[in-house]
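Notes for the structure review
Spelled out from the first residue to the last, the chains are:
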Amino acid sequence: EVQVLESGGDLVQPGGSLRLSCAASGFTFSNYAMSWVRQAPGKGLEWVSGISDSGGYTYYADSVKGRFTISRDNSKNTLYLQMNNLRVEDTAVYYCAKRTTENGWFFGYWGQGTLVTVSS
Amino acid sequence: DIQMTQSPSSLSASVGDRVTITCRASQGIYNSLAWYQQKPGKAPNLLVYGTSRLESGVPSRFSGSGSGTHYTLTISSLQPEDFATYYCQQYYSTPFTFGPGTKVDIK
């Protein structure tokens, strides 16, 4: 069974840093691109960042470019999101997401999400 | 960046109704369009990808269509479990953008 499990969400002050992790199981992690998608309280979905299966290609939303870094460790079946210079508007539930066996950056598998709160 | 819009933003419907939600892209996305259903406090659930391909396990009352910049999700006969918020997403080019959502609630 495919599972992705996020962790690392916390309360952090503006300007602070946080690293999220996503532990994957039930599939060959190194064969799949992965993404982070977030949802601010009461708001819609926002794709944040994606990374290719090998980690050689990374992609970012304009809202986080230069502040967030996506990475992966295929030996540990784990995806990461390093978030620096956090802003109040980064407050959201962050989901780790994986495509289905079909090609394309759409997401058939999601974690339960981890809450990041940026507040003083 | 490709902007996605959805209409309506919300609708009220009854069980058994036929419901259609529209999604428009700011430029052509060549059928690289997915639809998701999300219930409160839960992660989104993929319904349709590639404009019209139904994800495994999704009931056949859901269907997708469209081309170019105009896409639709149709629920042929609304069921109680379908009351939720629906999002479209383009995956033609980065950043992969979502529509703002359409909330379907009970009339």
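Not measured: the values here are computed from a predicted model.

Quick look at the sheet that holds strand β1 (residues 3–7) of chain A now. Residues and elements named next belong to chain A. Pairing is antiparallel across the open sheet formed by four strands, whose spatial order is β1-β3-β8-β7. Taken across any chain shown, the strands that pair with only one partner, and hence form the sheet edges, are β1 and β7 (68–73). With strand direction ignored, the average angle separating the axes of adjacent strands in the sheet is 15°. Pairing of β7 with strand β8 (residues 78–83), which is carried by six bridges, proceeds in the antiparallel orientation. Residue pairing in the sheet places Arg72 in a bridge with Leu79 of β8.

We now examine the side chain of B:Thr85. Tracing the backbone shows B:Thr85 in strand β9 (residues 85–90). In this view, B:Thr85 contacts B:Tyr36, B:Gln37, B:Gln38, B:Gly101, B:Thr102 and B:Lys103; residues no more than four positions away in its chain are not counted.

What follows is about the packing of aromatic side chains. Inspection of the entire model under this criterion finds 13 aromatic pairs over all chains. Arranged with centres 5.6 Å apart and planes meeting at 75°, the rings of A:Tyr59 and A:Trp105 form a pair that is edge-to-face. Pair noted here: A:Tyr59 is in strand β6 (residues 58–60) and A:Trp105 is in the loop between β9 (92–98) and β10 (109–110), with a separation of 46 residues, a long-range link. Given a relative accessible area of 27%, A:Tyr59 falls into the partly exposed group. Between B:Phe62 and B:Tyr86 the ring centres are 6.4 Å apart and the planes differ by 40°, which places this aromatic pair in the tilted class. One end of the pair, B:Phe62, is in strand β7 (residues 62–67); the other, B:Tyr86, is in strand β9, and 24 residues separate them in sequence. Side by side, B:Phe62 and B:Tyr86 carry an identical accessibility label, which is buried. These aromatic residues form a ring-pair network of at least three members: A:Tyr95, A:Phe107, A:Trp110, B:Tyr36 and B:Phe98.

Evaluated as defined, the whole model comprises two disulfides over all chains. In this model, A:Cys22 is linked to A:Cys96 through a disulfide, with the two sulfur atoms separated by 2.1 Å. Judged by the torsion about the S-S bond (-70°), the A:Cys22/A:Cys96 disulfide is left-handed. You can see A:Cys22 sitting in strand β3 (residues 18–25) and its partner A:Cys96 sitting in strand β9, a full 74 residues away along the chain. Comparing A:Cys22 with A:Cys96 shows no difference in burial state: the two are buried. The residue that forms a disulfide with B:Cys23 is B:Cys88, at a sulfur-sulfur distance of 2.1 Å. Across the S-S bond of B:Cys23 and B:Cys88 the torsion is about 70°, and the bridge reads as right-handed. Here B:Cys23 is found in strand β3 (residues 19–25), whereas its partner B:Cys88 is found in strand β9, with 65 residues between them in sequence.

To continue, consider the environment of B:Lys42. As for its placement among the helices and strands, B:Lys42 is situated in the loop between β4 (33–38) and β5 (45–49). Put simply, B:Lys42 and B:Phe83 are 41 residues apart on the chain and 13 Å apart in space, counted from C-alpha to C-alpha.

Conventions we followed
- Residues numbered from 1 in each chain as written.
- Chains lettered and ligands numbered in written order.
- Predicted model: local features only at pLDDT ≥ 70, side-chain atom pairs only at ≥ 80, totals over all residues.
- Heavy atoms only, no water.
- Pairing = 2+ DSSP bridges.
- Helix = DSSP H or I, 4+ residues; strand = E, 2+ residues; numbered from the N terminus.
- Axes fitted to C-alpha atoms, helices over the stretch in contact; angles between N-to-C directions.
- Contact = heavy atoms within 4.5 Å.
- Phe/Tyr/Trp six-rings, centres within 6.5 Å; stacked < 30°, edge-to-face > 60°.
- Buried < 20%, exposed > 50% of the residue type's maximum accessible area, 1.4 Å probe, protein only.
- Disulfide = S-S within 2.5 Å.

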